[in-house]
Amino acid sequence: GIGPLFFVLLIQITLSCTMASAEDVKQRQVVEDRARNISHNVRCTECGSQSIEDSQADVAVLLRRLIRDEIKSGKSDKEIYKKLEEDFGETVLYAPKFDLQTAAIWLSPVIVGGVAAGVWAYQKHRQRTNVHIMALNLVRGVPLTPREKETMIDILTPPPPARRWWWPLK
């Protein structure tokens, strides 16, 4: 009769609903994971110091909803970041794109340090070269100028012994 057929049909419907439900849960989890990942990389425009994932400001809630809607509409992460940057400016992203302006900002400490080290090394080299020239001139019998004499005395005078204030002298 109808009883066993109805029972088989009921099991098939239940299984197909369960499978569809599991697939739906998996799809929602993928959307949620992508949305959280993007939200961690977007700065809250109201707070500034928090990501929109961590912020409870109204604009952060709206941006999180916007990101989820964009993901559900099939946009890639790159497209979503580009839209956020176009709408709110480059500062909304924690990782700004690398261009000439950001390169100058990021590399300026290295450049300044390199220039300072170069100037210091050049002065040391010049001073050492001058000492060598003065020593050669002394050997050749060329008299030193008063400034050269002062420089030689400064170089040849040993520094005073260091006093260690934390240890009693004997």
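Residues numbered from 1 in each chain as written. Predicted model: local features only at pLDDT ≥ 70, side-chain atom pairs only at ≥ 80, totals over all residues. Heavy atoms only, no water.

Note the cut-off: UniProt positions are given in the numbering used here, feature names are shortened, and annotations may be inferred rather than shown by experiment.
Looking up the chain in an unreviewed UniProt entry gives the name Cytochrome c-type biogenesis protein, with the organism given as Aegilops tauschii subsp. strangulata. Listed in UniProt under the heading Subcellular location (unreviewed entry), the comment for the chain reads: "Mitochondrion inner membrane". Here is the UniProt Sequence similarities (unreviewed entry) comment for the chain, exactly as written: "Belongs to the CcmH/CycL/Ccl2/NrfF family."

## With respect to helix α2 (residues 58-72)
Condition: In this description a helix means any DSSP run of H or I spanning at least four residues, a strand means any run of E spanning at least two, and both kinds are numbered starting from the N terminus. To estimate the expected span of a helix, count its residues, drop one, and scale the result by 1.5 Å. Burial classes follow relative accessibility: with a 1.4 Å probe on protein chains only, a residue under 20% of its type's maximum area counts as buried, one over 50% as exposed, and anything between as partly exposed.
Taking 1.5 Å per residue, 15 residues should reach 21 Å; α2 reaches 21 Å between its end C-alpha atoms and fits that length. Buried within α2 we find Val59, Ala60, Leu63, Arg64, Ile67, Arg68, Glu70 and Ile71.

## Notes on helix α3 (residues 77-88)
Between the first and last C-alpha of α3 there are 16 Å, a value that for 12 residues agrees with the 16 Å anticipated at 1.5 Å per step. The first or second residue beyond α3 is Gly89, which carries a positive phi of 95 degrees.

## Details of the pattern of salt bridges
To keep things clear, this is the line we draw: Here, a salt bridge means any side-chain nitrogen of Lys or Arg that lies within 4 Å of a carboxyl oxygen of Asp or Glu.
Taken as a whole and assessed by the stated rule, the structure comprises six salt bridges. Ionic pairing is found between Arg36 and Glu32, a salt bridge with its closest N-O pair at 3.2 Å. A residue pair is termed a helical-turn pair when its members lie 3 or 4 positions apart in one helix, as Arg36 and Glu32 do in helix α1 (residues 2-40) at four residues. When its relative accessible area of 40% is taken as the criterion, Arg36 is described as partly exposed. What emerges from the salt-bridge pattern is a single network uniting Glu32, Arg36, Glu53 and Arg68.

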